[in-house]
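These are the residues of each chain, in order.
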Amino acid sequence: MSKGGNEFAVTEGVLRHGMPYMAFGTGRPLVLLRWFTPDHANPVGWMRRSELKRLAGLARRFRVYSVGRAPGTAAGATMADLATEHAEALQAEFGEPVDVLGISSGGSIALQLAADHPAVVRRLVVVASAARLDPAARVGQRRYAEAVLAGRRALHHMAPATVVNPVGARMLGAAMWLFDPLARPKVPVDTYNFLLAEDGFDVTERLGEITVPTLVVAGERDAFYSTASFRRTADGIPDAQLILYPRTGHMGVGSNPKFVGDIVRFLQT
């Protein structure tokens, strides 16, 4: 048992370009591209404990490399630029194609990676993400990014795209406004530049170029993306599979009881 109550020993380090990662579990490598986090660093405290708990089911079957974005994201960087950094880092670390699982913003990078650099991806899993941001998500992220850069409270701008129900979104927004000081990015410009890169992300017209086996997993009540966006993404990728969990929102996909089994079956096929 490692420090913090996690059942796996955890190795932390950096890949090429300074990408932070945590590795734990046993088995074939599974590279997980993290959901959006305020800092381009490995999580600490309760966020670290939450991530390890969330990924424990996968770590019982795979050696999970949970990879964050490199610090120092340049102004004007595109998702293609970030995908190239990831491709170089994965090639240097593993030297062969690996399974890649991208969640939310990590799914954006994963899709761009598979389209631009298919030689580094063995199988692709896209979770709670699609070929481009839906309008509500784009607006929320842009407002969040601008507030972060200006040093203002920002987290509440993400609430409308996090919860489908308007009343729930208002309540969550109030809670996020209070919580914001505890989740401020340490390097706001990194956060701002990354979110602008995702704002311009769109591989809709290139989905047919993704040739690796692909699974899209999402929730039917996702407020960031419509079910139509998930279907359009899966339909555009040759032979891709789509799993939609009922009564599940953006943040709940990874907690669905079927999630780990669905991922394992796909990756072990």
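Residues numbered from 1 in each chain as written. Predicted model: local features only at pLDDT ≥ 70, side-chain atom pairs only at ≥ 80, totals over all residues. Heavy atoms only, no water.

Trainee: Outline the overall build of the protein chain, supporting the account with residue identities and numerical values.
Mentor: Summing up its helical and strand segments, the protein chain has eight helices and eight strands in all. In terms of overall dimensions, the protein chain is globule-like: its C-alpha atoms have a radius of gyration of 17 Å, near the 18 Å expected for 269 residues. For the protein chain, the C-alpha atoms occupy an extent of roughly 45 × 40 × 40 Å along the three principal directions. Sorting the 269 residues of the protein chain into buried and exposed places 53% on the buried side. Of the contacts made within the protein chain by residues no fewer than 6 positions apart, 75% connect residues no fewer than 24 positions apart. Just so you have it, the protein chain exposes about 11,900 Å², and 55% of that area is on carbon and sulfur atoms. Averaging the coordinates of the 30 positive side-chain charges in the protein chain and doing the same for the 25 negative ones gives two points 8 Å apart. (Helix = DSSP H or I, 4+ residues; strand = E, 2+ residues; numbered from the N terminus. Rg over C-alpha atoms; globule rule 2.2 N^0.38 Å. Buried < 20%, exposed > 50% of the residue type's maximum accessible area, 1.4 Å probe, protein only. Contact = heavy atoms within 4.5 Å. Areas by Shrake-Rupley, 256 points an atom, 1.4 Å probe, with all protein chains shown as cover. Lys, Arg positive; Asp, Glu negative; His and termini not counted. Charge placed at Lys NZ, Arg CZ, Asp CG, Glu CD.)

Trainee: Describe the environment of E198, and please don't skip the residues or the numbers.
Mentor: Position of E198 among the secondary structure elements: in helix 6 (residues 188-199). Accessibility expressed as a relative area gives 1% for E198, which makes it buried. With 33 residues separating them in the primary sequence, E198 and R231 have C-alpha atoms 20 Å apart. In this structure E198 touches M79, S105, S108, L133, Q141 and Y225, once residues within four positions along its chain are discounted.

Trainee: Can you lay out the pattern of salt bridges for me, pointing to particular residues and giving the numbers?
Mentor: The final tally for this structure, using the stated rule, is 13 salt bridges. R28 serves as the salt-bridge partner of D99, at 2.8 Å between the closest nitrogen and oxygen. Taken as a pair, D99 in strand 5 (residues 98-103) and R28 in the loop between strand 2 (20-24) and strand 3 (29-33) lie far apart in primary sequence, 71 residues in all. Residue D99 is classed as buried on the basis of its relative accessible area, which comes to 1%. For R28, a relative accessible area of 35% corresponds to the partly exposed category. Its salt-bridge partner being E51, residue R34 comes within 2.9 Å of it at the nearest N-O pair. Of the two residues, R34 is situated in the loop between strand 3 and helix 1 (45-59) and E51 in helix 1; the sequence distance between them amounts to 17 residues. (Salt bridge = Lys/Arg side-chain N within 4 Å of Asp/Glu carboxyl O.)

Trainee: Explain the sheet that holds strand 5 residue by residue, including any values.
Mentor: Read across the open sheet, the eight strands follow the order 1-2-4-3-5-6-7-8; overall the sheet is mixed. In this open sheet, the two strands that pair with only one neighbour each are strand 1 (11-14) and strand 8 (241-245). Adjacent strand axes in the sheet meet at a mean angle of 20°, parallel and antiparallel pairs treated alike. Both strand 3 and strand 4 (residues 63-67) contribute to a ladder of five bridges, which runs parallel. Bridged to L30 within strand 4 is V64. Contacting strand 1, strand 2, strand 3, strand 4 and strand 5, helix 1 crosses the sheet at an angle of about 50° to strand 2. Along the sheet face, helix 7 (residues 227-236) touches strand 7 (214-219) and strand 8 and points at about 160° away from the line of strand 8. (Pairing = 2+ DSSP bridges. Axes fitted to C-alpha atoms, helices over the stretch in contact; angles between N-to-C directions.)

Trainee: Go over a nonpolar patch on the surface, please, and point to the residues and values.
Mentor: A cluster of nonpolar side chains, namely W46, M47, F179 and L182, defines an oily patch on the protein surface of about 430 Å² accessible area. With respect to the helices and strands, W46 occurs in helix 1. (Patch = residues over 30% accessible without salt bridge, like charges linked within 9 Å, V, L, I, M, F, W, Y side chains within 5 Å.)

Trainee: Give me the environment of G25: which residues, what numbers.
Mentor: Looking at the element boundaries, G25 is found in the loop between strand 2 and strand 3. C-alpha separation for the pair G25 and L58, spaced 33 residues apart in sequence, amounts to 8.0 Å.

Trainee: Quick one: what's the story with the side chain of H40, residue by residue and with numbers?
Mentor: Here H40 is to be found in the loop between strand 3 and helix 1. Taking relative accessible area as the criterion, H40 reaches 10% and is therefore assigned buried. Separated by 2.9 Å, the side chain of H40 and the backbone oxygen of A70 make a polar contact. (Polar contact = N/O pair within 3.5 Å; in protein donor to acceptor, adjacent residues only side chain to side chain.)

Trainee: So what's going on with the nonpolar core? Residues and values would help.
Mentor: V100, L124 and I210 are the most contacted members of the largest nonpolar core, which totals 60 residues. By residue number, the principal contributor to this core is helix 2 (residues 79-94), which donates seven residues. Setting aside residues no more than four positions away along its own chain, I210 makes contact with L111, A114, A115, L124, I237 and P238. Core analysis: the second largest hydrophobic core is formed by 27 residues, F24, L30, V127 and I263 among them. (Core = buried A, V, L, I, M, F, W, Y, C linked by side-chain atoms within 4.5 Å.)

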